[in-house]
Amino acid sequence: MTVRTTEELVGKKCLPCEGGVQPCSPQEARDQLKQLGDWRLTDDAKRIRREWVVENFMAGMRFFEACAELAEEDGHHPDLHLEGYRNVSVELWTHAIGGLSENDFILAAKIDRLPIELKQ
Ligand SMILES: C[C@H](O)[C@H](O)[C@H]1CNC2=NC(N)=NC(=O)C2=N1
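Residues numbered from 1 in each chain as written. Predicted model: local features only at pLDDT ≥ 70, side-chain atom pairs only at ≥ 80, totals over all residues. Heavy atoms only, no water.

Right, let's talk about the overall build of the chain for a bit. In terms of helices and strands, the chain carries 4 helices and 4 strands. From first element to last, N terminus to C terminus, the chain shows the α and β order α-α-β-β-α-β-β-α. The C-alpha atoms of the chain give a radius of gyration of 14 Å, which matches the 14 Å a tight globule of 120 residues would have. In terms of its C-alpha atoms, the chain occupies a principal-axis envelope of roughly 40 × 30 × 25 Å. When burial is assessed residue by residue, the chain has 41% of its 120 residues classed as buried. With an accessible surface of roughly 6,700 Å², the chain has 51% of that area assigned to carbon and sulfur atoms. (Helix = DSSP H or I, 4+ residues; strand = E, 2+ residues; numbered from the N terminus. Rg over C-alpha atoms; globule rule 2.2 N^0.38 Å. Buried < 20%, exposed > 50% of the residue type's maximum accessible area, 1.4 Å probe, protein only. Areas by Shrake-Rupley, 256 points an atom, 1.4 Å probe, with all protein chains shown as cover.)

Listed below in structure tokens is the structure:
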């Protein structure tokens, strides 16, 4: 997988993924993550995850709504978690291949640009 800048990723659209392609390697993922916000590679190297603390529960739900609109637009969907009423985390992986593809980094770059009401 070619490492792309945030600008390049934001300018791309997720491609339908029907499986049959190799997930990107942990090293490729780590190299690509350097271009993004505070995303971490999960221990199994199959997903990327970012966390935020938002102002309140509804701020979390508004952020999820914005993520959902992105996902529907791109046809690629995050795992969304809202725990302890203000702890938001988003996980991205490509289900069809059981690991990471460029789609995940495209969506992460776009999520990084969404408005979010962080806890003051
Ligand atoms: C055809 C289309 O690519 C699939 O239905 C999409 C839908 N959204 C998806 N989202 C994620 N995260 N992984 C997938 O493999 C996936 N597949």
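Picking up where we left off.
Before going further, it helps to spend a moment on the sheet that holds strand β3 (residues 79-83). Ordered in space as β1-β2-β4-β3, the 4 strands form an open sheet in which the pairing is antiparallel. Edge positions in the sheet fall to β1 (40-41) and β3, since each has one partner strand and no second. Bridge count for β3 against strand β4 (residues 87-92) is 5 bridges, and the pairing is antiparallel. In the strand pairing of β4, Glu-83 is matched with Asn-87. Against the sheet, helix α3 (residues 57-74) touches β2 (48-53), β3 and β4, its axis set at about 175° to β3. (Pairing = 2+ DSSP bridges. Contact = heavy atoms within 4.5 Å. Axes fitted to C-alpha atoms, helices over the stretch in contact; angles between N-to-C directions.)

Below, the discussion takes up the nonpolar core. Membership of the largest hydrophobic core comes to 30 residues, with the highest contact counts inside it found for Leu-36, Trp-39, Ile-48, Phe-63, Leu-92, Phe-105 and Ile-111. Mapped by element, the contributors of at least two residues to this core are α2 (26-33), β2, α3, β4 and α4 (102-111). If we skip the residues at most four places from it in the chain, Leu-36 touches Thr-6, Leu-9, Phe-105, Ala-108, Ala-109 and Asp-112. (Core = buried A, V, L, I, M, F, W, Y, C linked by side-chain atoms within 4.5 Å.)

Pro-16, Cys-17, Glu-18, Gly-75, His-76, His-77, Trp-93, Thr-94, His-95 and Ala-96 make up every residue found near the ligand. Between the ligand and the protein, one listed contact pairs a nitrogen atom with a backbone N or O atom of Trp-93 at 2.7 Å. For the ligand, an oxygen atom lies 2.9 Å from a polar atom in the backbone of Ala-96. For the ligand, whose accessible area on its own is 390 Å², the fraction buried by protein is 71%. (Near = heavy atom within 4 Å. Polar contact = N/O pair within 3.5 Å; in protein donor to acceptor, adjacent residues only side chain to side chain.)

The next thing to look at is the pattern of salt bridges. Where charged atoms from two side chains of opposite charge approach closely, those side chains can pair. Applying the stated rule across the entire model yields 12 salt bridges. The partner of Asp-31 in a salt bridge is Lys-34, and the shortest N-O contact between them spans 3.4 Å. Linking Arg-47 and Glu-91 is a salt bridge whose minimum nitrogen-to-oxygen distance equals 2.7 Å. Taken together, the residues span a long stretch of sequence, with Arg-47 in the loop between β1 and β2 and Glu-91 in strand β4 at a distance of 44 residues. Look at Arg-47 and you get partly exposed, because its relative accessible area is 24%. (Salt bridge = Lys/Arg side-chain N within 4 Å of Asp/Glu carboxyl O.)

The subject of this paragraph is α3. Three- or four-residue spacings in an α-helix give side chains the same orientation, since the helix completes a turn every 3.6 residues. Between its first and last C-alpha atoms α3 spans 26 Å; for 18 residues at 1.5 Å apiece the expected length is 26 Å, and the two agree. Every buried residue of α3 is accounted for by Ala-59, Gly-60, Phe-63, Phe-64, Ala-66, Cys-67, Leu-70, Ala-71 and Asp-74. Take α3 and look down its axis: the buried residues cluster within an arc of 160°, on one side only. Seen from the buried face of α3, the exposed residues on the opposite side, beyond 90 degrees, are Glu-72 and Glu-73. Backbone nitrogen of Met-58 and a side-chain oxygen of the N-cap are separated by 3.2 Å at the start of α3; the cap is Asn-56. Phi for Gly-75, located one or two positions after α3, is positive at around 65°. (Expected span 1.5 Å × (residues − 1). Arc of directions from axis to C-beta.)

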